[in-house]
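# Architecture and fold: a report
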Amino acid sequence: MIELRQLNKSYSVHNREFHALKNINLHIERGEIYGVLGKSGAGKSTLLRSVNLLERPNSGQVWVNGVDLTTLSLAQLREHRHKIGVIFQHYNLLDSRSVFGNIALPLEITGRPEPEIQRKVTELLELVGLSDKRHHFPAQLSGGQKQRVGIARALATDPHLLLCDEATSSLDSESTTAVLHLLKKINRELSLTVLLITHELDVVKKICDRVGIIDHGQLVEENATVTIFSNPQTKVTQQLIQQALHFYVPDQNDKDSLVLKLTFIGKDSDEPIISSLVKKFNVNFNLRQALIEKVQDTTVGFTICALTGEASALEQALAYIRSTSIKAEILHV
Amino acid sequence: MYKLELALLLKATWETIYIVYVASLISVIFGSLIGTLLFLTREKQAFENRWLHHGLGLLVNVTRSIPFIILMISIIPLTRLLVGTTIGSNAAIVPLALAAIPFYARICENAFAEIPAGLIETAHSLGVTTPQFIFKILIPESLPALIRGLTLTVIALIGYSAMAGTVGGGGLGELAINYGYQRFDAIVTLETVLVLIFIVQLVQFAGDFLAKRRKLKPLVVTGLILGLLSLGSQIDAHFSSQNDELKIGITAGWSEEVMKTAQKIAAEQYQLKLKIITFNDYVQPNTALANGNIDGNIFQHLPYLEAQNKARGYRLAPIAKTFVYPMGFYSRKISRLAELKAGALIALPNDPSNEGRSLLLLQKAGLISLQPKAGTLATLKDITENPQHFQFKLLDAAQLPRVLNDADLVALTNDYIGAAGFKTNQAVVREGADSLYANIIVVREKDKDNPLFKKLVAVMHSKAVVAKTESLFPQGGAIQAWH
């Protein structure tokens, strides 16, 4: 659906070259929800805006639905933009138009006849659950409602791709959940490809099939969401996840003990592994931290624990853990 | 207070509304065009173009820096080219619009610049064309700011329109300046200022209301109503002389009686309705005529009209002479000119107009010669030959009848002949029918050929009017000047 090839973008800020994007290669499948995660200033926004060429890259190709957008004329590009919906962090609704008018705008721009606009907007209002707000103005809506109007507007021209620019970053947790739920629903029901950028791990965790981590303009890591969570490869990713989960190695005196970080994925978490350890190897077990996260539909559990006991027993216990699918990381011996 | 006051005030108010309305309309049309172009040529906008942007910006700034009064005077040739005249409401519109266009252009540009960058980006992500961008995003989103800016512009124009009054632009400004400022009439000044305050308040209130409502419809409706009203006032002014009624300005006094006869003759013999407007001074009859508040006046002679046309830029023209009310030289010492001795004392009026008139009469009688260039404003200094060494004494006109026992020859205007105990035909020397100082019927230059005025002339020359005038000025006090 989307393929970015060797994308480069640099700005000159106060006569100094700033590389916003460095050799980005990205491939997103049709029907996928792909999240780009990164700190602010990492280049997420530039990346997203390159996809509909709001930001023109210095070099590289932007293939969307089989067309390299960088080769198109302005008029052709306009046609293609009609098929790429965008939602924004700050909603960017027109204050001068009602909810109806805002959703109707893309349809007016593409010159649809009035009855079609009426029908389509009514349909979309139902989809985003705002049928009763049809004649309200943006000033009368909550953040979550505004974003749902934004989504309806983005969907008005039946796009095959939806770009989400920090779509939930201005919302409270309840609205965030509702909006993400809606995005997931749209993705499934309309088989719409979604590219979202965010600095919130929560968003990625809840709906993304795959995640790319961007840092200093480079795509440093990319994988299925569960894998990124359970087995982050790069330091940047590990940091991001740790910060987001508030999962830190406790600063406690664990002398003479083996401190382990255990990661359970999916069914692993169902097994009574701790009690087995205690029973089988006669080791003592101290729980330092534990966390269960739902990553999309998969449960991922993290545990930090300190084992004490005879050295041989500890060794056997570790070997046992490693024989299962549970991932064990030694933090301290 | 004169009778016309309320009518003048209403008329001036309408003129102001008309001037401001048309000037605002033109400013909005051209101002928003230029403002949009200024915005679209900005960095990162659809027509990004540094040179065009800065060039246009410079042009706007230059026009805005010129003080209005100077702009108004310096574009007089352009005004004449566009509307054919430099006097009146339409002429006032040209400099007003020219001053307001760059003002409104900046207001538009700033209003557009206030639109969040995100919204503009959103528009482009929706794939808008530039016209769609302008009409669906730019204008609707900045509408409150555009309306507030329009309010600002209209109010500035009301202020400027008052200034345009100084050069005959019509409207409340001209009324305040001609009647209030120049004639120290505090009441008229106060009235015009009150009306202006009322209009400004109304505009501000309407502007605030519309900006808050974000609705264009009431604005357009208000605009249309105002447009029709002001157009109506123009049409009214245009056709007021077209029906069979003429408003004729005269000065208070004996003229009122003559005009009663004239009214009767006009109605009975010429199917012409004359409405007589009486003024108490010699300035207002011409101002009112130039303003279109009256259609003609009968009170002045040609030298006075020419001086007024020159001083005030009026375009008033004489269409016929009526009577000469002759100035004459009278004496209690001699009865014929031949009796006048060398070195005799001659008393003359001291106001410039009558001094010249009396000197011209002496020249005509062959007593002195004058510098030809001096014309009707000749003074004692313009005497080039005085072979009999007459002595001259300049005195206040009202003082002249009192020196008849001391001076050998005294110049008396019509008003003082009776007071001095003379009859006109007793004058030693007096003006004849060919006098330059015959009274004239004056109309606006463009109305010169209006057939209604031919009727008016016929009325004024009719036997009844002549008889009435001669009965008021017996023994040659009024000489028919048109034969």
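Worth saying up front: this structure is predicted, and the values here are computed from it rather than measured.

With that out of the way, let us pick up the overall build of chain A. The number of helices and strands found in chain A is eleven helices and 14 strands. Looking at chain A alone, contacts between residues at least 24 apart form 69% of all its contacts between residues at least 6 apart. Carbon and sulfur atoms form 47% of the exposed surface of chain A, whose accessible area is close to 15,400 Å².

We now examine the overall build of chain B. Looking only at helices and strands, chain B features 17 helices and 14 strands. Residues classed as buried in chain B amount to 50% of the 483 residues present. Surface accessibility of chain B: about 23,400 Å² in total, with carbon and sulfur atoms responsible for 61%.

It is worth spelling out helix α12 (residues 284-291) of chain B at this point. Residues and elements named next belong to chain B. By the criterion of burial, α12 is predominantly enclosed, with seven of the eight residues buried. Gln-284, Pro-285, Asn-286, Thr-287, Ala-288, Leu-289 and Asn-291 are the residues of α12 that are buried. Positive phi shows up at Gly-292, right after α12, with a value of about 90 degrees.

Scored by pLDDT, chain B has a mean of 86; 93% of the residues are at 70 or more. Among the scores for the predicted complex, ipTM is 0.85 and pTM is 0.68.

Residue and element names in this part refer to chain A. Where strand β1 (residues 2-13) lies against strand β4 (residues 59-64), five bridges are found, and the strand directions are antiparallel. By the bridge assignment, Asn-8 is partnered in β4 with Ser-59. Of the strand pairs in this sheet, β1 and strand β2 (residues 16-28) are connected by nine bridges, and their pairing is antiparallel. Note on β2: the bridge partner recorded for Lys-9 is Leu-21. Linkage of β1 to β2, two consecutive antiparallel strands, is achieved through a turn of two residues, within which His-14 is found at a positive phi near 50 degrees.

Looking now at the packing of aromatic side chains. All names here are of chain B. Within this structure, the stated rule accounts for twelve aromatic pairs over all chains. Relative to Phe-112, the ring of Phe-39 has its centre 5.8 Å away and its plane inclined at 65 degrees; by these criteria the two rings are edge-to-face. With Phe-39 in helix α1 (residues 5-40) and Phe-112 in helix α5 (residues 89-113), this residue pair connects regions lying 73 residues apart in the sequence. Exposure class is identical for Phe-39 and Phe-112. Each is buried. Taken together, a centroid distance of 5.0 Å and an interplanar angle of 55 degrees make the contact between Tyr-325 and Phe-473 tilted. Here Tyr-325 is found in the loop between β5 (323-324) and β6 (328-330), whereas its partner Phe-473 is found in the loop between α17 (463-472) and β14 (479-480), with 148 residues between them in sequence. Of the residues examined, Phe-473 reaches a relative accessible area of 14% and is grouped as buried.

What follows is about the sheet that holds strand β4 (residues 316-321) of chain B. Residue and element names in this part refer to chain B. Here we have five strands laid out as an open sheet, ordered β2-β1-β3-β13-β4, and mixed in their pairing. The open sheet is flanked by β2 (273-279) and β4, the only strands paired with a single partner. For this sheet, the mean angle separating the axes of adjacent strands, direction not counted, is 35 degrees. Sheet analysis places strand β1 (residues 245-251) next to β2, joined by seven bridges and oriented parallel. Pairing of Ile-250 across the sheet is with Thr-278, part of β2. Strands in contact with helix α11 (residues 254-270) are β1, β2 and β3 (296-301); relative to β2, the strand with the most contacts, it is inclined by about 170 degrees. Sheet strands in contact with helix α13 (residues 302-312) are β3, β4 and β13 (439-444), and its direction is about 110 degrees off that of β3.

Next up on the list: the layout of surface pockets. Residue and element names in this part refer to chain B. Space inside the second largest pocket adds up to approximately 1,300 Å³. In terms of lining, the second largest pocket is formed by 44 residues, of which the most central are Val-28, Leu-150, Val-154, Leu-219 and Gly-223. Counting residues per element, the ones that place at least two in the lining of the second largest pocket are α1, α5, α7 (130-164), α9 (186-213) and α10 (217-239). Per-element tally for the lining of the second largest pocket: the top contributor is α1, with 14 residues. Residue composition of the lining of the second largest pocket, by class: 35 nonpolar, nine polar and no charged.

Moving on, we get to the interface of chain A and chain B. Taken together, the contact pairs 20 residues of chain A with 16 residues of chain B. When the buried area of chain A at its contact with chain B is split by residue, A:Arg78, A:Ser96 and A:Ile109 rank highest and sum to 30% of it. The tally of links from chain A across to chain B stands at two salt bridges. Two residues, B:Lys136 and A:Glu108, come together in a salt bridge whose shortest N-O distance is 2.7 Å. Inspection of the region where chain A meets chain B yields ten residue pairs in polar contact (both at pLDDT 80 or more). Broken down by element, the residue count for the side of chain A that touches chain B peaks at four residues, all from helix α3 (residues 99-109) of chain A.

Attention shifts here to the packing of helix α2 (residues 50-65) of chain B against α5(B). All names here are of chain B. With their axes 8 Å apart at the nearest point, α2 and α5 run at an angle of 130 degrees to one another. Accordingly, the angle class assigned to the pair α2 and α5 is oblique. Classified by chirality, the crossing of α5 by α2 is left-handed. Contacts between α2 and α5 involve His-53, Gly-57, Val-60, Asn-61, Thr-63 and Arg-64 from the former and Leu-98, Pro-102, Phe-103, Arg-106 and Glu-109 from the latter.

Take a nonpolar patch on the surface next. Residue and element names in this part refer to chain B. There is a patch of nonpolar side chains on the surface, built from Leu-58, Val-62, Ile-66, Ile-69, Ile-70, Ile-73, Ile-76, Tyr-160 and Met-163 and spanning about 720 Å² of accessible area. For the nonpolar patch, the secondary-structure elements that each account for two or more residues are α2, α3 (68-74) and α7. Sort the elements by how many residues they give to the nonpolar patch and α3 lands first, with three residues. In this structure, Ile-69 sits in helix α3.

Using the criterion set out here, one finds five cavities of 30 Å³ or more in the structure. Size it by volume and the largest cavity reaches roughly 90 Å³. In terms of lining, the largest cavity is formed by 13 residues, of which the most central are A:Ile84, A:Gly85, A:Arg153, A:Ala154 and B:Leu126. Going through the elements one at a time, β6 (84-88) and α5 (143-155) of chain A together with α6 (117-125) of chain B are the ones with two or more residues in the lining of the largest cavity. Broken down by class, the residue content of the lining of the largest cavity amounts to five nonpolar, six polar and two charged. Each pocket or cavity is described by its volume, and for the second largest cavity that value is around 70 Å³. B:Leu8, B:Lys11, B:Ala12, B:Glu15, B:Gly170, B:Gly171, B:Glu174, B:Leu175, B:Asn291 and B:Asn293 together form the lining of the second largest cavity. If you list the elements that add at least two residues to the lining of the second largest cavity, you get α1 and α8 (171-181) of chain B. Considered class by class, the residues forming the lining of the second largest cavity number three nonpolar, four polar and three charged.

Next up on the list: the state of the cysteines. Residue and element names in this part refer to chain A. A complete count under the given rule lists zero disulfides over all chains for this structure. Residue Cys-164 stays outside any disulfide, its sulfur separated by 9.1 Å from that of Cys-208, the closest cysteine. A relative accessible area of 1% places Cys-164 in the buried class.

Residue and element names in this part refer to chain A. Pairing within the open sheet is mixed, and its six strands lie in the order β6-β7-β8-β3-β9-β10. If you trace the sheet from one side to the other, it starts and ends with β6 and β10 (218-224), each paired once. Neighbour to neighbour, the strand axes of the sheet diverge by 15 degrees on average, direction disregarded. Both strand β7 (residues 161-165) and strand β8 (residues 193-198) contribute to a ladder of five bridges, which runs parallel. Among the inter-strand pairings, Leu-162 is bridged to a residue of β8, identified as Val-194.

What counts and what doesn't
Residues numbered from 1 in each chain as written. Chains lettered and ligands numbered in written order. Predicted model: local features only at pLDDT ≥ 70, side-chain atom pairs only at ≥ 80, totals over all residues. Heavy atoms only, no water. Helix = DSSP H or I, 4+ residues; strand = E, 2+ residues; numbered from the N terminus. Contact = heavy atoms within 4.5 Å. Areas by Shrake-Rupley, 256 points an atom, 1.4 Å probe, with all protein chains shown as cover. Buried < 20%, exposed > 50% of the residue type's maximum accessible area, 1.4 Å probe, protein only. pLDDT = per-residue confidence, 0-100. Pairing = 2+ DSSP bridges. Phe/Tyr/Trp six-rings, centres within 6.5 Å; stacked < 30°, edge-to-face > 60°. Axes fitted to C-alpha atoms, helices over the stretch in contact; angles between N-to-C directions. 1 Å grid on protein atoms, 1.4 Å probe; cavity = no way out; pocket = protein on both sides within 12 Å on 5 of 7 lines; lining within 4 Å. Points joined across faces, edges and corners; volume = space filled by probe spheres on them. Nonpolar A, V, L, I, M, F, W, Y, C, P; charged D, E, K, R; others polar. Buried area = accessible area lost by both parts, 1.4 Å probe. Salt bridge = Lys/Arg side-chain N within 4 Å of Asp/Glu carboxyl O. Polar contact = N/O pair within 3.5 Å; in protein donor to acceptor, adjacent residues only side chain to side chain. Parallel < 35°, antiparallel > 145°, perpendicular 65-115°, else oblique. Left-handed = near helix turned anticlockwise from the far one by under 90°. Patch = residues over 30% accessible without salt bridge, like charges linked within 9 Å, V, L, I, M, F, W, Y side chains within 5 Å. Disulfide = S-S within 2.5 Å.

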